[in-house]
Amino acid sequence: MDTLVQAHEAAIRFGFFLGIFAVMAVWEVLAPRRVLTVSKTVRWLNNLGLVVLNTVLLRLLFPAAAVGMAAFASEQGWGLLNHFLVPFWIAVPAAVIAMDFVIWLQHVMVHAVPALWRLHRVHHADLDYDLTTGARFHPIEIILSMLIKIATVMVLGPPVMAVILFEVILNGMAMFNHGNVRLPSGLDRALRWLVVTPDMHRVHHSVEDDEANSNFGFNLSWWDRLFGTYRDQPRSGHKDMIIGIHKYREPREVSWLPGLLALPFRGRITGYAINRRNWSGDKAPDE
Ligand SMILES: [Zn+2]
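All figures in this text were calculated on a predicted structure; none of them were measured in a lab. (Residues numbered from 1 in each chain as written. Predicted model: local features only at pLDDT ≥ 70, side-chain atom pairs only at ≥ 80, totals over all residues. Heavy atoms only, no water.)

### What about the layout of surface pockets?
Now for step 1: Approximately 1100 Å³ is the volume found for the largest pocket.
Now for step 2: Lining the largest pocket we find 38 residues, and of these Arg 13, Leu 58, Ile 142, Glu 167 and Asn 171 sit closest to its centre.
Now for step 3: Only α2 (9-30), α3 (40-61), α6 (88-112), α8 (139-156) and α9 (160-177) provide two or more residues apiece to the lining of the largest pocket.
Now for step 4: Counting residues per element, the lining of the largest pocket draws most heavily on α2, at 8 residues.
Now for step 5: Residue composition of the lining of the largest pocket, grouped by class: 24 nonpolar, 9 polar and 5 charged.
Now for step 6: Of the pockets and cavities examined, the second largest pocket occupies roughly 150 Å³.
Now for step 7: In this structure, the second largest pocket is lined by Val 96, Ile 97, Asp 100, Phe 166, Ile 169, Met 173, Leu 194, Val 195, Asn 219, Leu 220 and Trp 222.
Now for step 8: Elements represented by at least two residues in the lining of the second largest pocket include exactly α6 and α9.
Now for step 9: Here the residues of the lining of the second largest pocket are counted per class, giving 9 nonpolar, 1 polar and 1 charged. (1 Å grid on protein atoms, 1.4 Å probe; cavity = no way out; pocket = protein on both sides within 12 Å on 5 of 7 lines; lining within 4 Å. Points joined across faces, edges and corners; volume = space filled by probe spheres on them. Helix = DSSP H or I, 4+ residues; strand = E, 2+ residues; numbered from the N terminus. Nonpolar A, V, L, I, M, F, W, Y, C, P; charged D, E, K, R; others polar.)

Given below as structure tokens:
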């Protein structure tokens, strides 16, 4: 079973990507949450251009990806779940939840560490928020994520199936919770006890510092609630909140592919959230 799934890993993931993309794209047209500020053609052309570039790069650098590492680890008996011979039906959910926690931690880290924030701000500099924002990451951040994922799989030893399931869920949820879509508020509240909803994650894309440094989760909403980074709604409301980063609003820099690739290397090294020093009485730099 695992070998069969592994052999068709790329096709399975691409199939789910296309299906969920189509559903979200139609939903965004039928029930949009906000009016876009940049033309959809420009955004999709460039955001999806970056996705194609990243996909090719990943396949060239890591042809077997995290799934290959899971297969190798199980042959060698590496990782906690292999070492303790945890039954498949416990190992799959345990691995998916553990990998979600690691990705949450990674997300907090890329906000906290200045050099990593430079990479991650390519994702945040998007002036609008729609399903293509969810896949827009700098290639260096994508490579780093893959290395972290491979290391996690080595330590954890999850079944191959769990890794594929996690990749499909993460990819699908990223498109869902970055969706420019409306959900009935009761449904949003109910879903939030388990998973991250579009309204919950949109808060994280606010230009306001305190809002951007909250709601780091991609799949389960538990981590933010548990570790004190949960924020219910944006102060200005979902329609009026400003999306993006204060200092980076020039479309050439934040909407077009060459600008996106160059963005981590722009600007002075100052004003990161982690080195705010308000106790001296200085006003915090505006970023
Ligand atoms: Zn972020």
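Text resumes after the structure shown.
### Some words on α3
Now for step 1: Here α3 contains 22 residues, and its C-alpha end-to-end distance of 31 Å stays within 8% of the 32 Å for a straight helix at 1.5 Å per residue.
Now for step 2: Within α3, burial applies to Val 42, Arg 43, Trp 44, Asn 46, Asn 47, Leu 50, Val 51, Asn 54 and Leu 58.
Now for step 3: Those residues of α3 that are buried lie in contact with α2, α7 (114-124), α8 and α16 (257-262). (Expected span 1.5 Å × (residues − 1). Buried < 20%, exposed > 50% of the residue type's maximum accessible area, 1.4 Å probe, protein only. Contact = heavy atoms within 4.5 Å.)

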